[in-house]
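# Report on the structure
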Amino acid sequence: LRLRRGATIDLDTVLFGRLKGAARRLKLGVTPALICGVRSGTGPPILVRPGLPDSERREAIETLVGAVEQRAMKEGWALCFRNVLEAETELRDALDANGYLRAPELPASALEVRWESFDQYLQQLKSTHRRTARDIRYSANRARREGLEIEEIEDLQPVADRLHALLDGHYRRHNGRPFPYGPDFLSEVNGNLGRNAMVFVARQEAEIVGVQLVLRGGESMWTAIIGMDPEKTRHSEAYFHLGYHHIIERAAEEGIARIFFGKLAWDTKIKRGCRLLGMHMMLRPRSRLQRMLLRPAIAYRGRWVANEMKLYQKAFVGVDPDRE
């Protein structure tokens, strides 16, 4: 998929933010860099065939890491592995052994699907977040009264412009810049991934007011990107039904084991039964001198993430109104 010009966030921006220019003048910039991992959300930077014995799995990971490192060194690039899950111990151990700088990333969230229907999900949720389960039922009834419909679209061409406008508008409101992909984004994803890419839309009075791209692989689903019409959905239930409830219901119907909901909005996701997934950034600078100079920046990023999590815990975990 081709990115729009200027749409990417480079690694210097991730590490230094508004101080990127000063960092580059001080020779602290890490670009150009080879980045392994998804641009956002969750997904393993290195894929290894399931079922391999532990020793072969570790050997495969170390071999792949070594090959990537050789390419980065040959080109004079820094090397970074983004969003490495805490559960990926073999990869993290291999990178630690090779002297990578490590900093926490903002956590993502996942919902383990242990039910066979949406009603069973609500019954289970009631035991931990009673008020949320009740509110979801109320929301579903209100959505039906409002005539809200969620449907999967396979023929994207007739509505491609509308869907891209929703994605672009939503992205601009939340990120302050254009959606990084062009108008053919959804069609290209659908063409490349087939049934493993599902596009859902929310309709109110037959008008499309929201779109959600969901990816599927094995026993997992990922909510990739969402776009909503703020004027048409401000006082409706469209966002929560498109972004959460419909996906949870669909996962139960298809025997999916887990849903990955990405980063941020942790309170909304935890109240719907999600757990947070710790992740790390692993960085290999171009030289020993740069590694030494970058340690304070990596440490600062770690403190920033920790502070964000403390603010979240203070706001949403210390007093949980759902536990009654």
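Scroll up a little and you will see the structure.
Here goes a summary of the coordinates provided. Keep in mind the model is a prediction, meaning the values are calculated, not measured.

## A closer look at the environment of Arg92
Inspection of the secondary structure assignment puts Arg92 in helix H4 (residues 89-97). With a relative accessible area of 14%, Arg92 lands in the buried category. Sequence separation between Arg92 and Met281 is 189 residues, and the spatial gap between their C-alpha atoms is 9.8 Å. When sequence neighbours within four positions are dropped, the list of residues in contact with Arg92 reads Leu85, Glu86, Ala87, Arg102, His280 and Met282. A polar atom in the side chain of Arg92 sits 2.5 Å from the backbone oxygen of Glu86.

## Examining a nonpolar patch on the surface
Taken together, the side chains of Leu289, Met292 and Leu293 make up a nonpolar region of the molecular surface, amounting to roughly 300 Å² of accessible area. Inspection of the secondary structure assignment puts Leu289 in helix H12 (residues 288-317).

## Observations regarding the sheet that holds strand S2 (residues 78-85)
To summarise the sheet geometry, strands pair through backbone hydrogen bonds and adopt either a parallel or an antiparallel arrangement. Here we have nine strands laid out as an open sheet, ordered S1-S2-S9-S3-S8-S7-S6-S5-S4, and mixed in their pairing. Only two strands of the sheet have a single partner each, and these edge strands are strand S1 (33-36) and strand S4 (148-153). In this sheet, adjacent strand axes meet at a mean angle of 25° when their direction is disregarded. Bridge count between strand S5 (residues 197-204) and strand S6 (residues 207-217): eight bridges; the pairing is antiparallel. Within S6, the residue paired with Met198 across the bridge is Val214. H4 rests against S2, strand S3 (101-112) and strand S9 (275-284) of the sheet, and its axis sits at about 30° to S9.

## Describing the packing of aromatic side chains
Geometrically, a pair of aromatic rings is defined through the distance of the ring centres and the angle of the planes. All chains considered together, the criterion is met by 12 aromatic pairs. The interplanar angle of 40° and the centroid separation of 5.5 Å between the aromatic rings of Phe118 and Tyr121 together place this pair among those described as tilted. With Phe118 and Tyr121 both in helix H5 (residues 118-126), this residue pair falls three residues apart, about one helical turn. On the accessibility criterion, Phe118 (15% relative accessible area) is buried. Measuring from centroid to centroid gives 4.8 Å for Tyr181 and Phe185, while their planes differ by 20°, and the two rings are stacked. Each member of the pair, Tyr181 as well as Phe185, carries the same accessibility label: buried. These aromatic residues form a ring-pair network of at least three members: Tyr171, Phe179, Tyr181 and Phe185. Between Arg272 and the ring centre of Tyr244, over which it is positioned, the NZ or CZ distance is 5.4 Å.

## Some thoughts on H4
Along an α-helix, residues three or four apart share an orientation, since each turn contains 3.6 residues. Of all the positions in H4, only Leu91, Arg92, Ala94 and Leu95 are classed as buried. The arc enclosing the buried residues of H4, seen along the axis, measures out at 160°, which places them on a common side. At its buried positions, H4 is contacted by helix H3 (54-75), S2, S3 and S9. In the segment just after H4, Gly99 is the residue with positive phi, at about 80°.

## Examining the packing of H3 against H4
Pairs of packed helices are described in terms of their axes, by the angle between the two and the distance that separates them. Where H3 contacts H4, the two axes come as close as 10 Å, and the packing angle between them is 45°. The angle between H3 and H4 places the two elements in the oblique class. In this structure, H3 meets H4 at a crossing whose hand is right-handed. Here H3 contributes Arg57, Arg58, Ile61, Glu62 and Val65 to the contact with H4, which in turn contributes Glu90, Leu91, Ala94 and Leu95. Its residues assigned to classes, the contact of H3 with H4 comprises five nonpolar, no polar and four charged.

## Details of unusual backbone geometry
Geometrically, the link from Thr31 to Pro32 is a cis peptide bond, its omega value of 0° lying close to zero. The phi torsion at Asn83 lies on the positive side, around 55°, for a residue other than glycine. Here Ala206, not a glycine, exhibits a phi torsion of approximately 75°, which is positive. Relative to the assigned elements, Ala206 resides in the loop between S5 and S6.

## Observations concerning the pairing of strand S8 (residues 258-263)
Here five bridges tie S3 to S8, and the two strands are oriented antiparallel to one another. Bridge pairing in S8 links Leu111 to Ile259. As paired elements, strand S7 (residues 220-228) and S8 share three bridges and run parallel to each other. Residue pairing for S8: Met221 is matched across the bridge by Ile259.

Calculation rules
Numbers given to residues run from 1 along each chain, matching the order in which its sequence is written. For a predicted model such as this one, the threshold for reporting local features is a pLDDT of at least 70, and the threshold for listing and counting side-chain atom pairs is 80 or more; totals across whole chains, interfaces and linings nevertheless cover every residue. Side-chain metrics rest on all non-hydrogen atoms present in the structure, leaving aside hydrogens and water. To qualify as a helix, a DSSP run of H or I must reach at least 4 residues; to qualify as a strand, a run of E must reach at least 2; elements of each kind are numbered from the N terminus. Think of it in three bands: with a 1.4 Å probe and only protein chains considered, a residue is buried below 20% of the maximum accessible area for its type, exposed above 50%, and partly exposed in between. Pairs of residues are marked as contacts when any of their non-hydrogen atoms sit within 4.5 Å. Each polar contact in these results corresponds to two N or O atoms within 3.5 Å; when the atoms are within protein, one needs to be able to donate a hydrogen and the other to accept it, and residues that are neighboring in sequence are counted only if both atoms are side-chain atoms. In this scheme, patches are assembled from residues that exceed 30% relative accessible area and form no salt bridge. Like charges are connected within 9 Å, while nonpolar side chains (Val, Leu, Ile, Met, Phe, Trp, Tyr) are connected within 5 Å. Method for areas: the Shrake-Rupley scheme with a 1.4 Å probe, in which residue coverage is limited to the protein chains shown. Just to be clear on terms, a salt bridge is a Lys or Arg side-chain nitrogen sitting within 4 Å of an Asp or Glu carboxyl oxygen. Two strands make a pair as long as DSSP finds a minimum of two bridges between them. To obtain an axis, a line is fitted to C-alpha atoms, over the contacting stretch when the element is a helix, and the angle between two such axes runs from 0 to 180 degrees between their N-to-C directions. By convention, a stacked pair of Phe, Tyr or Trp rings (six-membered ring in the case of Trp) has centres within 6.5 Å and planes under 30 degrees apart, an edge-to-face pair has planes over 60 apart, and any other such pair is tilted. Look at NZ for Lys and CZ for Arg. If either is within 6 Å of the ring centre and within 35 degrees of the ring normal, a charge sits over the ring. Each direction from the helix axis to a C-beta atom contributes to the arc, which is the arc of those directions. Any angle that falls under 35 degrees is termed roughly parallel, while one over 145 is termed roughly antiparallel, one within 65 to 115 roughly perpendicular, and all others oblique. The sense of a crossing depends on the near helix, which, turned anticlockwise from the far helix by less than a right angle, makes the crossing left-handed and, turned clockwise, makes it right-handed. Each residue is assigned to one of three groups, with Ala, Val, Leu, Ile, Met, Phe, Trp, Tyr, Cys and Pro labelled nonpolar, Asp, Glu, Lys and Arg labelled charged, and all others, Gly among them, labelled polar.

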